[in-house]
Amino acid sequence: MAILKVARLGHPVLRKLAEPVAVKQITSPDIQRLIDDMVETMREYNGAGLAAPQVHTLQQICVIEVNGNPRYPDAPSIPLTVLINPVVTPLTSEMDDGWEGCLSVPDMRGVVPRYTAVRLEAYGRDGERIDTVAKEFFARVIQHETDHLRGIVYVDRMRDLSTLTHLAEWNKHWLGHEDQDE
Ligand SMILES: [Zn+2]
């Protein structure tokens, strides 16, 4: 396994559309190795998730995991989840504001509105079908990661940039603030 280089905001790969993975290819050594490397990279940098375009690969693959993450100490746990060719459909018009960060936008946080419930259809890493409903924080992470597959980063989803905050200032002024979600 290998820790991959993460593209940062401004790299054109973050603004491109990712291609679907052929279902027959999901179990191929190349795709399996990419998934393993993405998981290792996400864990190395304490990401809540990572999408393939962030590691310079335009394929529709995301990995998500939250388990005692020091970047998101108050976030609920999410077991390791691999999503291939995900389709996300909002199940409500209700949106919640919450803080987000991104390994491609280092040392920054911002408040992003997200749907509070989504239907998630995808393939898992063994090619199995996933069809489930995700809510709250899990729904937020899914929306953040799947946006990456369409060239969208969280700052595009902010209502305005007034909450865009350097992490050092966030720790000083926002950590433990009652409006803080994540
Ligand atoms: Zn991101």
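Look up: the structure comes first, before these words.
Before going into details, it helps to say that this report is about the structure given with it. Here the structure is a predicted model, which means the values were calculated and not measured. (Residues numbered from 1 in each chain as written. Predicted model: local features only at pLDDT ≥ 70, side-chain atom pairs only at ≥ 80, totals over all residues. Heavy atoms only, no water.)

A closer look at the environment of Ile64
Position of Ile64 among the secondary structure elements: in strand β2 (residues 61–66). Residue Ile64 is classed as buried on the basis of its relative accessible area of 0%. In this structure, the C-alpha to C-alpha distance between Ile64 and Lys24, residues 40 residues apart in sequence, is 22 Å. Among all residues touching Ile64, those that are not within four sequence positions of it are Met42, Ala48, Gly49, Ile78, Pro79, Leu80, Thr81, Leu83, Phe138, Val141, Ile142 and Glu145. (Helix = DSSP H or I, 4+ residues; strand = E, 2+ residues; numbered from the N terminus. Buried < 20%, exposed > 50% of the residue type's maximum accessible area, 1.4 Å probe, protein only. Contact = heavy atoms within 4.5 Å.)

Describing the sheet that holds β2
Strand order in this open sheet of five strands is β1-β2-β3-β6-β7, and the pairing throughout is antiparallel. Strands at the two margins of the open sheet, each flanked by one partner only, are β1 (49–51) and β7 (129–135). Ignoring strand direction, the axes of neighbouring strands in this sheet form an average angle of 40 degrees. Relative to β2, β1 is paired through three bridges, and the arrangement is antiparallel. Across the sheet, Gly49 pairs through a bridge with Ile64, a residue of β2. Across the sheet, helix α1 (residues 29–44) lies against β1, β2 and β3 (78–90), angled at about 35 degrees from β2, the strand it touches most. Together, β1, β2, β3, β6 (117–123) and β7 form the strand contacts of helix α2 (residues 136–148), whose direction differs from that of β3 by roughly 70 degrees. (Pairing = 2+ DSSP bridges. Axes fitted to C-alpha atoms, helices over the stretch in contact; angles between N-to-C directions.)

Let's talk about the pairing of β3
Across five bridges, the pairing between β2 and β3 is antiparallel. Residue Val63 lies in a different strand from β3, and its bridge partner there is Val82. Of the strand pairs in this sheet, β3 and β6 are connected by five bridges, and their pairing is antiparallel. Paired with Val88 across the two strands is Leu120, which belongs to β6.

Digging into the pattern of salt bridges
Side chains that differ in charge, positive against negative, can pair when their charged atoms come close. Applying the stated criterion across every chain yields a total of twelve salt bridges. A salt bridge links Arg15 to Asp156; the shortest N-O distance between them is 2.6 Å. Of the two residues, Arg15 sits in the segment before α1 while Asp156 sits in helix α3 (residues 154–157), which places them 141 residues apart along the sequence. Judged by its relative accessible area of 43%, Arg15 falls in the partly exposed class. The partner of Asp147 in a salt bridge is Arg114, and the shortest N-O contact between them spans 3.0 Å. Here the residue Asp147 occupies a position in helix α2, and Arg114 occupies one in strand β5 (residues 105–115), the gap between them amounting to 33 residues. Sharing partners across several salt bridges, the network here consists of Glu100, Arg114, Arg140, Asp147, Arg150 and Arg157. (Salt bridge = Lys/Arg side-chain N within 4 Å of Asp/Glu carboxyl O.)

Structural notes on the nonpolar core
Ranked by size, the top nonpolar core spans 18 residues in total, and within it Val21, Ile35, Met38, Leu50, Ile61, Val63 and Ile84 carry the most contacts. Contributions of two or more residues to this core are made by α1, β2 and β3. Looking at which element gives the most residues to this core, the answer is α1, with six residues. Sequence-distant contacts of Ile35, defined by excluding residues within four places in its chain, comprise Ile61, Val63, Val82, Ile84 and Arg125. Ranked by size, the runner-up nonpolar core spans 16 residues in total, among them Val66, Tyr72, Ala122 and Ala139. (Core = buried A, V, L, I, M, F, W, Y, C linked by side-chain atoms within 4.5 Å.)

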